[in-house]
Amino acid sequence: MMLAGVYTPPAMGVTTSRLLDITDLSVEFASMEGTVHAVDHVSFAVAPGELVGLVGESGCGKSVTATAILGLTRMLANATVSGRIDFQDRDLLALPESEVRKVRGKEIAMIFQDPVTSLNPVLSIERLMTEGIELHLGLSHEDAVARAIDMLQKVGIPKAAERIKDYPHQFSGGMRQRVMIAIALSCNPKLLLADEPTTALDVTIQAQILRLMKQLSREYDAAVIVITHDLGVVAGMCRRILVMYAGRIVEEGPAKPLFHHPHHPYTVGLLKSVPRLDRPRSDELESIEGLPPDLSHLPPGCSFAPRCWLATDECWQTPPKLFVTGDGRRSACFHRDKLIDLAAAEVTA
Ligand SMILES: Nc1ncnc2c1ncn2[C@@H]1O[C@H](COP(=O)(O)OP(=O)(O)OP(=O)(O)O)[C@@H](O)[C@H]1O
Ligand SMILES: [Mg+2]
């Protein structure tokens, strides 16, 4: 299914250089049910130091996109990956594994979705932290321990010099997530992929972790892609949002205008399901009716058509490409003008 060839640079007017430039990325999995189109012709770019949110419902391909960037999908026997992932002007997909290994964990780090399973329980925090530092930064073990303690202090672990001897299960959920951030940032990555970094945490700790990530990204000049199904998480943190649905980017834009006036009906639905402080409490939260499509049997037209109140015949027949809809904004909807007109009417009312 071709959606390619329409990508235009984000016209943010803020940064022109790109750290990460993904063009036409597709990841397919062979399965018993057929080919799963987990990531379907996705293109987007991230500037150095930029905070970008990648949002969408469960199963839409967020984690697979991240693991492809990290070069992990190439290790899966049932995966086929195509397109380009240019990172600092080198296509990671075309590099041999020996070269990707130098980038993984050093230039690009990832906080995995499940901190309980992603921190090896039989290794101490010292071991978990120093291995990467020694390998990537070439430090002696003694210097690596000093750097690890310094990182643990930076992420707010009290008595870091003692706690570095502990094992992951000796930390609370919030503290474990701080350790994950410390590990991820310990080799000064240029890009951090944070996959649902706060989902398992309560609201107060969530806010602390998000603040910490934002502060450290600035301090270390690291770009961050925050992956979440929760728009509330990215609202306060990210400047730019990518909305993903059924393996594709369906809307992209600067956070504020996108949240105030979405240009895709799916984003409208997502926003209605999030509590907002600027709306009366009496406004009821709505969930989007229906379910996302089976990625091994995608409908021929727009994947959102079966759930969309704007859908017409055209939507059922042809998959919409991403149309430019404003400054740095794109929407994969044939009826985007209706939403743009609605927004204009709201502004002039
Ligand atoms: N190794 C694999 N083999 C087959 N299918 C896979 C594999 N990994 C992921 N998938 C499928 O790819 C699709 C996208 O999965 P992904 O994990 O990226 O979703 P997600 O957006 O991260 O969802 P969540 O919010 O639940 O984490 C899903 O249908 C999933 O079942
Ligand atoms: Mg995921």
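Preceding block: the structure.
Described below are features of the structure shown in this document. The structure presented is a predicted model; accordingly, all values stated were derived computationally and were not measured.

### Thoughts on the site of ligand 1
Part 1 of the argument: Of all residues adjacent to ligand 1, which total 17 residues, the nearest are Phe29, Ala38, Ser58, Ser63 and Val64.
Part 2 of the argument: Looking at the shell around ligand 1, the elements with two or more residues in it are strand 1 (20-31), strand 2 (34-46) and helix 1 (62-69).
Part 3 of the argument: Examining the composition of the shell around ligand 1, we find that 3 residues originate from one element, helix 1, more than from any other.
Part 4 of the argument: Looking at the shell around ligand 1 residue by residue, the classes come out as 7 nonpolar, 9 polar and 1 charged.

### With respect to the pairing of strand 6 (residues 108-111)
Part 1 of the argument: Burial of strand 6 is two-sided: the residues Ile108 and Met110 facing one way and the residues Ala109 and Ile111 facing the other way are all buried.
Part 2 of the argument: As paired strands, strand 6 and strand 7 (residues 191-195) are joined by 4 bridges and run parallel to one another. Its bridge partner lying in strand 7, Ile108 is registered against Leu191.

### A word on the sheet that holds strand 9 (residues 240-245)
Part 1 of the argument: Read from one edge to the other, the open sheet built from 8 strands follows the order 6-7-8-3-9-10-12-11, with strand pairing classed as mixed. Each edge of the open sheet is held by one strand with a lone partner, namely strand 6 and strand 11 (323-326). For this sheet the average axis-to-axis angle between neighbouring strands, irrespective of direction, equals 25 degrees.
Part 2 of the argument: For strand 11 and strand 12 (residues 329-331), the ladder comprises 3 bridges, and the chain directions are antiparallel. Directly across from Phe323, in strand 12, lies its bridge partner Ser331.
Part 3 of the argument: Strands strand 6 and strand 7 of the sheet are contacted by helix 7 (residues 173-185), whose axis makes an angle of about 170 degrees with strand 6.
Part 4 of the argument: Relative to the sheet, helix 11 (residues 265-272) contacts strand 3 (51-55), strand 9 and strand 10 (248-254), its axis offset from that of strand 9 by approximately 105 degrees.

Cut-offs applied
Residues numbered from 1 in each chain as written. Chains lettered and ligands numbered in written order. Predicted model: local features only at pLDDT ≥ 70, side-chain atom pairs only at ≥ 80, totals over all residues. Near = placed C-beta within 6 Å. Helix = DSSP H or I, 4+ residues; strand = E, 2+ residues; numbered from the N terminus. Nonpolar A, V, L, I, M, F, W, Y, C, P; charged D, E, K, R; others polar. Buried ≥ 20, exposed ≤ 12 C-beta atoms within 10 Å, placed from the backbone. Pairing = 2+ DSSP bridges. Axes fitted to C-alpha atoms, helices over the stretch in contact; angles between N-to-C directions. Contact = placed C-beta atoms within 7 Å.

Note that all results are geometric; they support no functional claim without further evidence.
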